Amino acid sequence: MLDFRLKVFYTVAQTLNFNRAAEQLSISQPAVTKHIKELEQQYSTTLFDRAKKRIVLTRSGEVLLQHAHLIFEQYQKLDFDLNLLQNKTEGELHIGASTTIAQYVIPSYLAHFQQRFPEIKIELTMANSLVIEQMLVDKKIELGLVEGTTHNSDLKYSPFLKDEIVLVSRPKNSLLKKRVITAKELLKLPLLTRESGSGTADIIEEYLQTTGISSKQLNIHMQLGSTESIKNYLFCSDTFAFLSVYSVQQDLTDDRLCIIDVDRMDITRTFSFVHRQGQPSPLSKLFIRFSSLKR
């Protein structure tokens with residue numbers, strides 16, 4: 001009973017919403033409230049502050065949440081090790097991936113992994129790199145895949161794939177006079193960019209700084225929230241954008257976009273696996289190992 005009460009508490013602490021927790025646990029909202037009250041009575045403390053419109057963890061609740069994380073991680077390791085002894089691999093793996101990776105890179109890996117390990121349920125969350133890293137810190141996911149250059153000291157990074165950032169536009173762009181331009185000519189082009197916190201935006205800004213170009217010198221035409229929105233805008237306008245080569249491979253083949261080389265500009269980066277410091281969870285380790293073999 002204590003284990004289930006702890007699971008109820010853990011779910012409420014993750015969602016900070018009794019109704020949402022009830023839906024995830026497939027029990028009633030009054031049942032959720034009952035389990036939380038019984039836990040509070042058992043430990044003679046208050047776990048949630050309900051005085052405001054939204055609930056928040058008390059100090060006691062934060063302490064219990066820290067221990068709950070450790071307890072459920074140990075349960076997962078126990079299940080994994082025992083299942084491996086019986087040649088079984090099952091469980092749930094929560095992965096978060098930055099936008100470019102989630103849309104254009106990881107789906108094929110997930111499909112092959114699911115074919116090999118059909119008993120493992122995978123949940124993929126897509127957000128920009130900074131959000132994914134924060135979700136790991138908050139223990140909302142077990143494994144992340146990010147594309148940025150920032151490193152959080154609470155997290156451990158390992159290389160996954162090499163990527164190249166290329167300047168693209170539609171082939172019939174009226175401003176496109178040649179396929180090779182200088183850095184000086186780049187400053188005159190109307191550019192589309194991603195939002196702050198995007199790994200692609202970060203790597204471009206970092207690289208430009210090494211060439212003596214400030215991002216403030218660029219002619220930013222518009223900022224858009226996703227690679228797909230940028231591509232769709234490019235198809236219909238005389239603008240340009242720096243995008244991952246993975247995100248435009250099919251568009252290059254279909255002649256919907258073309259690459260413009262910028263003289264002496266070579267922007268490469270590494271997509272990385274990231275998890276909390278220490279050993280990754282067993283299922284995370286399995287996915288990392290499987291993906292490395294599939295490259």
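Residues numbered from 1 in each chain as written. Predicted model: local features only at pLDDT ≥ 70, side-chain atom pairs only at ≥ 80, totals over all residues. Heavy atoms only, no water.

## Some points on the pattern of salt bridges
Proximity of charged atoms lets side chains of opposite charge pair with each other. Filter applied, for reference: The salt bridge criterion pairs a side-chain nitrogen of Lys or Arg with a carboxyl oxygen of Asp or Glu, the two atoms within 4 Å. Relative accessibility under 20% of the residue-type maximum defines a buried residue, over 50% an exposed one, and the middle range a partly exposed one, all with a 1.4 Å probe and only protein chains included.
Using the criterion set out here, one finds 10 salt bridges in the structure. The salt bridge involving Glu185 is made with Lys178; its shortest N-O contact spans 3.0 Å. Judged by relative accessible area, which is 27%, Glu185 ranks as partly exposed. Across the salt bridge formed by Asp251 and Arg256, the nearest N and O atoms sit 4.0 Å from each other.

## Concerning the packing of helix α2 (residues 18-25) against helix α3 (residues 29-43)
For clarity, the cut-off: Here the axes come from fitting lines to C-alpha atoms, over the contacting stretch only for helices, and the angles between their N-to-C directions go from 0 to 180 degrees. Strands are runs of DSSP state E lasting at least 2 residues, helices are runs of H or I lasting at least 4, and numbering of each runs from the N terminus. Note on terminology: angles under 35 degrees are roughly parallel, angles over 145 are roughly antiparallel, angles of 65 to 115 are roughly perpendicular, and the others are oblique. We call two residues contacting when some pair of their heavy atoms lies within 4.5 Å. Lys, Arg, Asp and Glu make up the charged group, whereas Ala, Val, Leu, Ile, Met, Phe, Trp, Tyr, Cys and Pro make up the nonpolar group; the residues left over, Gly among them, are polar.
Two numbers describe how α2 lies on α3: the axes approach to 8 Å, and their chain directions differ by 105°. When the interaxial angle is binned, α2 and α3 end up roughly perpendicular. Residues Phe18, Asn19 and Ala22 of α2 form the contact with α3, whose own contacting residues are Gln29, Val32, Thr33 and Ile36. Among the residues making up the contact of α2 with α3, the classes are represented as 4 nonpolar, 3 polar and no charged.

## Here's the deal with the packing of aromatic side chains
Definition in use: Stacked, tilted and edge-to-face are the three classes assigned to paired rings of Phe, Tyr and Trp, where Trp is represented by its six-membered ring and a pair needs centres within 6.5 Å; plane angles under 30 degrees give stacked, over 60 edge-to-face, the rest tilted. By definition, being over a ring means that NZ of Lys or CZ of Arg is both within 6 Å of the ring centre and within 35 degrees of the ring normal.
Throughout the structure, instances matching the rule amount to 12 aromatic pairs. A centroid spacing of 6.1 Å and a plane angle of 70° characterise the contact between Phe18 and Phe48, whose relative ring orientation is edge-to-face. Of the two residues, Phe18 is situated in helix α2 and Phe48 in strand β1 (residues 48-49); the sequence distance between them amounts to 30 residues. Ring centres 5.2 Å apart and planes at 70° place the aromatic pair Tyr109 and Phe160 in the edge-to-face group. Note that Tyr109 is positioned in helix α6 (residues 106-116) and Phe160 in strand β6 (residues 155-169), a separation of 51 residues in sequence. Assigned by exposure class, Tyr109 and Phe160 land together as buried. Site record: aromatic cluster; members linked through ring pairs are Tyr109, Phe113, Phe117, Phe160, Phe273, Phe287 and Phe290. The side chain of Arg256 reaches across the aromatic face of Phe235, ending 3.8 Å from its centre.

## Notes on a nonpolar patch on the surface
Applied cut-off: Two distance rules govern patches: like charges are joined within 9 Å, and nonpolar side chains (Val, Leu, Ile, Met, Phe, Trp, Tyr) within 5 Å, applied only to residues with over 30% relative accessible area and no salt bridge. Accessible surface is estimated by sampling points in the Shrake-Rupley manner with a 1.4 Å probe; for residues, cover comes only from the protein chains shown.
Together, Ile71, Tyr75, Leu78 and Leu82 make up an exposed nonpolar region whose accessible area comes to about 330 Å². Positionally, Ile71 belongs in helix α4 (residues 59-85). Using a relative accessible area of 35% as the deciding quantity, one classes Ile71 as partly exposed.

## Quick word on the confidence of the model for the chain
To keep things clear, this is the line we draw: Values of pLDDT, ranging from 0 to 100, describe the predictor's confidence in every residue of the model.
Overall, the predicted model of the chain reaches an average pLDDT of 87, with 94% of residues at or above 70. For the chain, per-element mean pLDDT is lowest for helix α9 (residues 199-210), which scores 77, and highest for strand β5 (residues 143-146), which scores 95.

## Here we look at the environment of Gln209
Here Gln209 is to be found in helix α9. Here Gln209 falls in the exposed class, since its relative accessible area comes to 53%. Residues Gln209 and Leu191, 18 residues apart in the sequence, show an inter-C-alpha distance of 17 Å.

## Remarks on helix α7 (residues 129-137)
What counts, and what does not: In this description, the arc belongs to the directions extending from the helix axis to the C-beta atoms. In protein, a polar contact means a hydrogen-donor-capable atom and an acceptor-capable atom, both N or O and within 3.5 Å, with residues adjacent in sequence counting only if both atoms are side-chain atoms; elsewhere, any N or O pair within 3.5 Å suffices.
Within α7 the residues assigned to the buried category are Ser129, Ile132, Glu133, Met135 and Leu136. One side of α7 holds all its buried residues, which, seen down the axis, span an arc of 155°. One side-chain oxygen of the residue at the start of α7 lies 3.1 Å from the amide nitrogen of Leu130, identifying that residue as Asn128.

## Considering unusual backbone geometry
Its identity as a non-glycine residue notwithstanding, Ser26 has a phi of 60°, on the positive side. Note that Ser26 resides in the loop between α2 and α3. Among the residues examined, Ser26 registers a relative accessible area of 67% and is labelled exposed. Phi is positive for Asp255, which is not a glycine, with a value near 60°. You can see Asp255 is positioned in the loop between α11 (245-253) and β11 (258-262).

## Examining the environment of Leu175
Looking at the element boundaries, Leu175 is found in the loop between β6 and β7 (180-181). Leu175 gets classed as partly exposed once you look at its relative accessible area, which sits at 42%. Linking Leu175 and Thr33, residues 142 residues apart in sequence, is a C-alpha distance of 63 Å. If sequence neighbours within four positions are ignored, Leu175 has contacts with Pro190, Asp238 and Phe240.

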